[in-house]
Amino acid sequence: MAGAACAIRLRSLGVAVDLVEKSVFPRAKVCGCCIGEAGLKVFSQLGIRADVLDSGMPTRRWCASLAGQRIELSIPEGVAISREVLDPLMMNAAVRCGANVSMNCTAVVKGSTRDGVSVQLDQNGTTSLHDYSCVVIAAGLRSGNCSGLLPWTEVPHGPFGISVMASSADVDPGVIYMACNEDGYVGLVKLADGRVDVAAALQSGQASGAHGDPITRVRRILSASQFASIELSEFGTVMTTPPLRRSRRAGHGRVLAIGDAAGYVEPFTGEGMTWGMQGGIAAAELIASPFGDLNDVGDVWDRKLAALLRRRKRTCRLVTTALRSPAACRIAAGTLRLFPSLATPLLRSMNKA
Ligand SMILES: Cc1cc2nc3c(=O)[nH]c(=O)nc-3n(C[C@H](O)[C@H](O)[C@H](O)COP(=O)(O)OP(=O)(O)OC[C@H]3O[C@@H](n4cnc5c(N)ncnc54)[C@H](O)[C@@H]3O)c2cc1C
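Worth saying up front: this structure is predicted, and the values here are computed from it rather than measured.

(A) Main features of helix 8 (residues 297–323). End to end, helix 8 covers 38 Å across 27 residues, agreeing with the expected 39 Å (1.5 Å per residue, within 8%). Its maximal kink placed at R310, helix 8 deviates by approximately 50 degrees. Looking at helix 8, one finds that the buried residues are V297, G298, W301, L305, L309, R312, K313, T315, C316, V319, T320 and L323.

(B) Quick peek at unusual backbone geometry. A cis geometry characterises the amide bond from F25 onward to P26, with omega recorded as 0 degrees. Considering the arrangement of structural elements, one finds P26 in the loop between strand 1 (18–20) and strand 2 (34–35). For C33, which is not a glycine, the phi torsion comes out positive at approximately 65 degrees. Residue placement: C33 occurs in the loop between strand 1 and strand 2. Taking relative accessible area as the criterion, C33 reaches 1% and is therefore assigned buried. A positive phi is found at N124, a non-glycine position, where the angle reads about 50 degrees. Checked against the element boundaries, N124 lands in the loop between strand 7 (117–123) and strand 8 (126–132).

(C) Local environment of a nonpolar patch on the surface. Together, L338, F339 and L342 line one region of the surface with nonpolar side chains, adding up to about 350 Å² of accessible area. Structurally, L338 is set in helix 9 (residues 326–338).

(D) Up close: the packing of helix 7 (residues 272–288) against helix 8. Interaxial distance between helix 7 and helix 8 falls to 10 Å at its minimum, and their mutual angle equals 155 degrees. Taken together, the axes of helix 7 and helix 8 lie roughly antiparallel to each other. The element helix 7 and its partner helix 8 pack so that their crossing is right-handed. Between helix 7 and helix 8, the residues in contact are W275, Q278, G279, A282, A283, L286 and I287 and V297, V300, W301, K304, L305, L308, L309, R312, K313 and C316, respectively. A breakdown of the residues in the contact of helix 7 with helix 8 according to their chemical character gives 12 nonpolar, 2 polar and 3 charged.

(E) Summary view of the packing of aromatic side chains. One pass over the structure, following the stated rule, counts 4 aromatic pairs. Residues W62 and F268 carry aromatic rings whose centres are separated by 6.2 Å and whose planes lie at 90 degrees to one another, so their mutual orientation is edge-to-face. You can see W62 sitting in strand 3 (residues 57–66) and its partner F268 sitting in the loop between strand 17 (263–264) and helix 7, a full 206 residues away along the chain. We classify W62 as buried; its relative accessible area is 18%.

(F) A look at the site of the ligand. The environment of the ligand is made up of 32 residues, and the closest members are E21, R27, G32, R83 and D260. In the environment of the ligand, an oxygen atom lies 3.0 Å from a nitrogen or oxygen atom belonging to the backbone of M1. Measuring from a nitrogen atom of the ligand, one finds a side-chain N or O atom of Y264 at 3.5 Å. A total of 1,000 Å² of accessible area belongs to the ligand in isolation, and the protein chains cover 91% of it. Of all elements in the fold, only strand 6 (105–112), strand 10 (152–166) and helix 7 reach the threshold of two or more residues within the shell around the ligand. For the shell around the ligand, the element with the highest residue contribution is strand 6, accounting for 3 residues.

(G) View of the layout of surface pockets. In this structure, the second largest pocket occupies an estimated 300 Å³ of space. Secondary-structure elements contributing two or more residues to the lining of the second largest pocket are strand 10, strand 14 (239–248), strand 17 and helix 8. Element by element, the count of residues in the lining of the second largest pocket is highest for helix 8, at 8 residues. Along the lines of polarity and charge, the residues of the lining of the second largest pocket split into 7 nonpolar, 3 polar and 8 charged.

Quick notes on the rules
- Residues numbered from 1 in each chain as written.
- Predicted model: local features only at pLDDT ≥ 70, side-chain atom pairs only at ≥ 80, totals over all residues.
- Heavy atoms only, no water.
- Helix = DSSP H or I, 4+ residues; strand = E, 2+ residues; numbered from the N terminus.
- Expected span 1.5 Å × (residues − 1).
- Bend = angle between axes of the 7 residues up to and from the residue.
- Buried < 20%, exposed > 50% of the residue type's maximum accessible area, 1.4 Å probe, protein only.
- Patch = residues over 30% accessible without salt bridge, like charges linked within 9 Å, V, L, I, M, F, W, Y side chains within 5 Å.
- Areas by Shrake-Rupley, 256 points an atom, 1.4 Å probe, with all protein chains shown as cover.
- Salt bridge = Lys/Arg side-chain N within 4 Å of Asp/Glu carboxyl O.
- Axes fitted to C-alpha atoms, helices over the stretch in contact; angles between N-to-C directions.
- Parallel < 35°, antiparallel > 145°, perpendicular 65-115°, else oblique.
- Left-handed = near helix turned anticlockwise from the far one by under 90°.
- Contact = heavy atoms within 4.5 Å.
- Nonpolar A, V, L, I, M, F, W, Y, C, P; charged D, E, K, R; others polar.
- Phe/Tyr/Trp six-rings, centres within 6.5 Å; stacked < 30°, edge-to-face > 60°.
- Near = heavy atom within 4 Å.
- Polar contact = N/O pair within 3.5 Å; in protein donor to acceptor, adjacent residues only side chain to side chain.
- 1 Å grid on protein atoms, 1.4 Å probe; cavity = no way out; pocket = protein on both sides within 12 Å on 5 of 7 lines; lining within 4 Å.
- Points joined across faces, edges and corners; volume = space filled by probe spheres on them.

Structural data, given as structure tokens:
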């Protein structure tokens, strides 16, 4: 989705774009499927806000179970939308803008010189080599290190993500549920087609092995929470991710990384898609800007992306680190129950476009 956002903005700036996607849409992917006010602003910029709102379920409340307490807050306008619906919607918008889209096609960066970037494309068993003046990597959490061009500064570690679709009559439409304990956190939200998206970030590592399979762990977190009465049934296919926390150099030479491919914290604050799209738009504007030498665009991007997302990623890190401390959770839950308005600065900061 970061790649589609970048392509749409590049086309609006008159730049020719090849957009390559290795899967065939529609496809499911691990995600909590919630977009807040800042994300809706980005959809307006991309010209697809009305389509997203038409296909999604509006969200207005956030309900958390934290340290044995139930906290309910009103949230700014948002939407819950499945990735089976949202990603094709963005890809179609890129096609309408004139991007040359290849689906079911895998791209691998083979090398970068001062003249351009060499990329291998594999589609339907046919391999071809192409030279581009600039390449934007938006390959998500499973992206490689781009032939050593973009090394990790923090190798992937920490919790891993899981998601699965379920059905339940107990999940109210328009409410984002979040249950937390020391094993991780689980989010539930009802989608427009009536299914419930269940997404979680669970501790990885040796200790977590003893907790059982991901669905057992999700059920355990929910049954120990204030949402124990919510019955989930008919689980679909369970999808998981590698460890989530990572950061890397986001650009070098003529290669730029955006979205999860450029680094990720955790999903608790529900901003990954917005960070990805905002990064995609900013990268497009940098590439199209008349600053001259594309040979340095990746290095400039590395600094620019850090400045764009530093504050919000730091807040996300602080919140998710605090969630792992039972004492911090008790204090936060007690305070928010008594003074829910104290959440306003955090919500405002998360929803700043
Ligand atoms: C448990 C969990 C819950 C989450 N909940 C939310 C939420 O509620 N709200 C939110 O905003 N964010 C959420 N996120 C984060 C969000 O899912 C990601 O941040 C977002 O999808 C990143 O977008 P992206 O475009 O960088 O990567 P992706 O959406 O992963 O897209 C990458 C694309 O690249 C393709 N690709 C990969 N390799 C290649 C290749 N070599 N060649 C061609 N194509 C390739 C893939 O097929 C994929 O379609 C959640 C994450 C997790 C783990």
